[in-house]
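Each chain is listed here by its residues.
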Amino acid sequence: MTHDILLAGFGGQGILFAGKILAYSGLMDEKEVSWLPSYGPEMRGGTCNCSVCISDEPIGSPLVLEPSILVVMNTPSLEKFSGSVKSGGVIVVDSTMVDAKVDRNDVKTFYIPATKLAQENDLAGGANIILLGKLFRETNIVSAETFKKAIEKVVPAKKAALAANNLKAVKLGLDYAD
Amino acid sequence: MERNLMKGNEALAEAAIRAGCKCFFGYPITPQTEISAYLAKRFEAAGGVFLQAESEIAAINMVLGAASTGVRAMTSSSSPGISLKSEGISYIAGSDLPCVIINVQRGGPGLGGIQPSQADYWQATKALGHGDFQLLVFAPNSVQEMVDTVIKAFDLADQYRMPAMILADGLLGQMMEPVTFPEITSKPLEKPWATNGHGNKREHNIINSLYLQPDVLEKSVIDRFKRYDEIKENHAEAELYKTEDAEIVVTAYGATSRVAKSAVNMAREQGIKAGLIRPVTLWPFPVKQFQKTAETADKFLCVEMSMGQMIDDVKLAINCSKPVEFYGRTGGVIPKPSEILDEIKKYVGGAK
C-alpha cells in the first residue's frame, strides 16, 4: 500500500511542517517514507507544496505528480492540483481559504474551515495540523497515537508547549464532522 | 539502529563529520546550501574547521592547502560553483591530494536554474579541469546512499591519493528520507607524504603540480594512470534490477534511476520484460556490468536529466553491440515515470 500525498498552499501556512509530521508518522509506523519540498524563490505568500510518500515498499520517485491524497490551503493550489488526483483519491480543503468546490465525483472531498477553527481556538498557524486531523479521521493512514509520537519526535523538548498546541489542533480536525 | 528523517544535504554533512572530515571550505549556492549551514552549526563542536570562503575559487584552494597537511578536507557547491573550482581541482589531482567535492547539480548552462539536473556528467567524468586526470565519481540515489558514499569517498580518496566527487542533484539534496549512520570501522591511513610539522626529524615533503621537464611530468601522469587502472579493475559499481530476463534495459543514475525503477515496475505489471542497470560509480564506469547485461538484453534505454551525456559511456561500454536509445528532460525538469514507460513501450512495440 502506497500513499502519495501532496500538500499545497501559500508559504507560511505550515505546508512543509505538516508534510514533515506526516512523513515522521510513517516513520513511526515503520514504513518507507519520503518528503520532498518544492524549493526555489518561494517566500511567505508565494505558492508552496510538498510531496510525501508513505509506503510498505521502497519509494521510487519521491515527486508526487498524481496524488492519492491532496491537502490544499489556497485556491490556486486547488485549481492547479485537483485535476491530477487519482480516481478514488481524497481531497481535504481548508474552506476558510478556498471558496471553490471540487468539480469531480470520482474523488472524496472534505471541506473544513481549518483557518477559522484555528483562530477561534487560539491556535494561530495551526490550520495545517487541523487539516491533518481531518485527513486522519477520513482515511486512517495514520493513527492518533502515531501522530502523537511523531509530534513528540519533531517538536524539541524545550518547545513542549507547541507540542500540546499541535495535539489540540489535530483533535479539532479529528472531531470535525461535515 | 534508529532511523531518522534527514535532508540529503544534511545527512551528507553529518556523514562527513563522522568520516573524520576536519576541514570544510565552501561558498553558498542553491540547492546545496544546507551542507554549509549544517556544518557551520555542528562542525566546531565536532573538532572541525568550517570556513565560508570569499569565493568558490578560494574555497577549493583552501581544500588544497588543508589536504596537503594530511587532514580530510571537503568542499561542496552546485553546478556553476563547481565550474569555478575546476582549476583548483586540476591542481589537487596534479598534486596527488585526496579530498571530497560535492556537486548538488542544478540546471545549466550559465547560471541556469536551481531545480535538479544531471547536465554536469561530462564535466565530472571527462573534464573537471585541464590536463590528464580523473576523479572518483559517485552517484548516490537515496539519502542513505548520500551517507554511505561520502564515507566511501573519503576512504578511496585517501587510498589512491586523488579527489573524489559525489555527483548528486537538487532532488537528492532537498528530499528527506529515513537514514541511519553506520559505525565507521575503517582506520585513517597514515599519510607519510603530508607537509606538516616534523621538527626537522625527516626530509621535508613537497606538494607540487609543476614539472617543467616533460619526461618527469610524463612519468608522474603515467604513474597516476596506473593507479586509475587499478581503480577501474576494483571499484566500478552498479545496481542491477530485474535485468536477467529483460528485453529492454533502462539505464539511469542518481535521482533519475528512482523514476526509472518506477517505470520498470509499471512495465513489468503490463507484462513487458524491462530491467534497470544503475551505475553507482560514474568513474570508474561499470563497464563489466554493462557488458554482462548486453549479453541478454535486446536494447538499452538511457534516461538522464540532460540532453544525453552518459549515453556515450553506455555505448562505449557495450561496444555498440546493442542499440542504445535515449530519453531525457533538462533544465531542471524531472522526467515522469509515465514518460519513461511510454518510451519503453515505443521500443518493445507496445504492451503485451
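Parameters at a glance
- Residues numbered from 1 in each chain as written.
- Chains lettered and ligands numbered in written order.
- Predicted model: local features only at pLDDT ≥ 70, side-chain atom pairs only at ≥ 80, totals over all residues.
- Heavy atoms only, no water.
- Pairing = 2+ DSSP bridges.
- Helix = DSSP H or I, 4+ residues; strand = E, 2+ residues; numbered from the N terminus.
- Axes fitted to C-alpha atoms, helices over the stretch in contact; angles between N-to-C directions.
- Contact = heavy atoms within 4.5 Å.
- Buried < 20%, exposed > 50% of the residue type's maximum accessible area, 1.4 Å probe, protein only.
- Buried area = accessible area lost by both parts, 1.4 Å probe.
- Salt bridge = Lys/Arg side-chain N within 4 Å of Asp/Glu carboxyl O.
- Parallel < 35°, antiparallel > 145°, perpendicular 65-115°, else oblique.
- Left-handed = near helix turned anticlockwise from the far one by under 90°.
- Expected span 1.5 Å × (residues − 1).
- Phe/Tyr/Trp six-rings, centres within 6.5 Å; stacked < 30°, edge-to-face > 60°.
- Lys NZ or Arg CZ within 6 Å of the ring centre and 35° of its normal.
- Domains from an automatic or database assignment.
- Polar contact = N/O pair within 3.5 Å; in protein donor to acceptor, adjacent residues only side chain to side chain.
- Nonpolar A, V, L, I, M, F, W, Y, C, P; charged D, E, K, R; others polar.

## So, the sheet that holds strand β13 (residues 299-304) of chain B
All names here are of chain B.
Step number 1: In spatial order, the strands read β9-β11-β10-β13-β14; together these five strands make up an open sheet with mixed pairing. This sheet does not close on itself; its edge strands, each paired only once, are β9 (238-241) and β14 (324-328). Averaged over all neighbouring strand pairs, the angle between strand axes comes to 20 degrees, with direction disregarded.
Step number 2: Here helix α12 (residues 337-348) sits on the sheet and contacts β10 (248-251), β11 (274-279), β13 and β14; the angle it forms with β13, its principal contact strand, is near 160 degrees.

## Some details on the side chain of T293 of chain B
Step number 1: Structurally, T293 of chain B can be placed in helix α10 (residues 287-296).
Step number 2: The class of T293 of chain B is buried, set by a relative accessible area of 3%.

## Observations regarding the interface of chain B and chain A
Step number 1: Taken together, the 23 residues of chain B in the interface contact 22 residues of chain A.
Step number 2: The junction of chain B with chain A conceals about 1800 Å² of combined surface from both sides, 64% of it contributed by carbon and sulfur atoms.
Step number 3: Counting the surface chain B buries against chain A, the share from its top three residues, R3, L5 and M176 of chain B, is 34%.
Step number 4: Counting across the interface, chain B meets chain A through one salt bridge.

## Description of the packing of helix α1 (residues 15-28) of chain A against helix α4 (residues 127-139) of chain A
All names here are of chain A.
Step number 1: It is at 9 Å that the axes of α1 and α4 come closest, and there the two elements cross at 40 degrees. Taken together, the axis directions place α1 and α4 in an arrangement best described as oblique. For the pair α1 and α4, the crossing hand works out as right-handed. Contact residues: α1 offers F17, A18, I21 and L22, while α4 offers N128, I129, L132 and F136.

## Observations regarding α4 of chain A
All names here are of chain A.
Step number 1: If you check α4, its first and last C-alpha atoms are 18 Å apart, about what 13 residues at 1.5 Å a residue would give, namely 18 Å.
Step number 2: With eleven of 13 residues buried, α4 lies mostly within the body of the structure.
Step number 3: If you check which residues of α4 are buried, you get A127, N128, I129, I130, L131, L132, G133, K134, L135, F136 and T139.
Step number 4: Backbone geometry just after α4 places N140 at a positive phi near 60 degrees.

## Concerning the packing of aromatic side chains
Step number 1: For the coordinates displayed, the defined rule picks out seven aromatic pairs over all chains.
Step number 2: With a centroid separation of 6.2 Å and 35 degrees between ring planes, the pair formed by F290 of chain B and F300 of chain B is classed as tilted. Of this pair, F290 of chain B sits in helix α10 while F300 of chain B sits in strand β13, placing them ten residues apart in sequence.
Step number 3: A residue is classified by how much of its surface remains accessible, and F290 of chain B, at 0% relative accessible area, is buried.
Step number 4: Ring-pair connections join several aromatic residues into one group, and the members of that group are F225, Y228 and W283 of chain B.
Step number 5: Above the ring of Y111 of chain A, the side-chain terminus of K101 of chain A is found at 4.0 Å from the ring centroid.
Step number 6: The ring of Y241 of chain B is capped by K261 of chain B, whose NZ or CZ atom sits 4.6 Å from the centre of that ring.

## Remarks on α12 of chain B
Residues and elements named next belong to chain B.
Step number 1: Taking 1.5 Å as the rise per residue, α12 with twelve residues should run 16 Å; its terminal C-alpha atoms sit 17 Å apart, in good agreement.
Step number 2: Contact partners of the buried residues in α12: β10, α9 (254-269), β11, β13 and β14.
Step number 3: At the C-terminal side of α12, G349 shows a positive phi close to 75 degrees.

## Digging into the domain arrangement of chain B
Residue and element names in this part refer to chain B.
Step number 1: Domain boundaries in chain B define domain 1 (4-187 + 209-234) and domain 2 (239-348).
Step number 2: Computed from C-alpha coordinates alone, the two centres of domain 1 and domain 2 are separated by 26 Å.
Step number 3: Taken residue by residue, the interface counts 33 residues in domain 1 and 28 residues in domain 2.
Step number 4: Buried area between domain 1 and domain 2, both sides added, is near 2500 Å², and the carbon and sulfur share of it is 54%.
Step number 5: It is Q118, Y121 and N141 that lose the most area in domain 1 upon contact with domain 2, and together they represent 30% of the buried surface on that side.
Step number 6: Run the count over domain 1 and domain 2 and you get four salt bridges.
Step number 7: Across the pair K126 and D313 runs a salt bridge, and its minimum N-O distance is 2.6 Å.
Step number 8: Run the count over domain 1 and domain 2 and you get 17 residue pairs in polar contact (both at pLDDT 80 or more).
Step number 9: Only α5 (121-125), β6 (136-138), β7 (163-169), α7 (170-174) and α8 (214-234) provide two or more residues apiece to the side of domain 1 that touches domain 2.
Step number 10: Take the side of domain 1 that touches domain 2: its biggest share by element is four residues, from α8.
Step number 11: Looking at the side of domain 1 that touches domain 2 residue by residue, the class counts come to 17 nonpolar, nine polar and seven charged.

## Let's talk about the sheet that holds strand β4 (residues 72-77) of chain B
All names here are of chain B.
Step number 1: Strands sit in the order β3-β2-β4-β5-β7-β6-β12 across an open sheet of seven strands; the sheet is mixed. Of all the strands in the sheet, the pair left with one neighbour each is β3 (49-52) and β12 (281-283). The average angle at which neighbouring strand axes cross in this sheet is 20 degrees, direction not considered.
Step number 2: Where helix α4 (residues 79-94) meets the sheet, it contacts β4, β5 (99-105) and β7, and its direction lies at approximately 160 degrees from that of β5.

## Examining unusual backbone geometry
Residues and elements named next belong to chain B.
Step number 1: In the segment running from T30 into P31, the intervening peptide bond is cis, with an omega of 5 degrees.
Step number 2: Look at the link from G108 to P109: it is a cis peptide, with omega at 5 degrees.
Step number 3: In this fold, P109 is placed in the loop between β5 and α5.
Step number 4: For R161, which is not glycine, the phi torsion reads 50 degrees and is therefore positive.
Step number 5: Tracing the backbone shows R161 in the loop between α6 (143-160) and β7.
Step number 6: Relative accessible area serves as the criterion here: at 24%, R161 is assigned to the partly exposed category.
Step number 7: Phi is positive for K242, close to 55 degrees, though the residue is something other than glycine.
Step number 8: The class for K242 is partly exposed, based on a relative accessible area of 33%.

## Description of the pattern of salt bridges
Step number 1: Enumeration according to the criterion identifies 29 salt bridges over all chains in this entry.
Step number 2: In this structure, E2 of chain B engages K153 of chain A in a salt bridge whose closest nitrogen and oxygen atoms are separated by 2.5 Å. With one member in each of two chains, E2 of chain B in the segment before β1 (4-7) and K153 of chain A in helix α5 (residues 144-154) form a pair that bridges those chains.
Step number 3: Using a relative accessible area of 30% as the deciding quantity, one classes K153 of chain A as partly exposed.
Step number 4: Here E239 of chain B and K261 of chain B are joined by a salt bridge, their closest N and O atoms 3.0 Å apart. Placement of the pair is E239 of chain B in strand β9 and K261 of chain B in helix α9, with a sequence separation of 22 residues.

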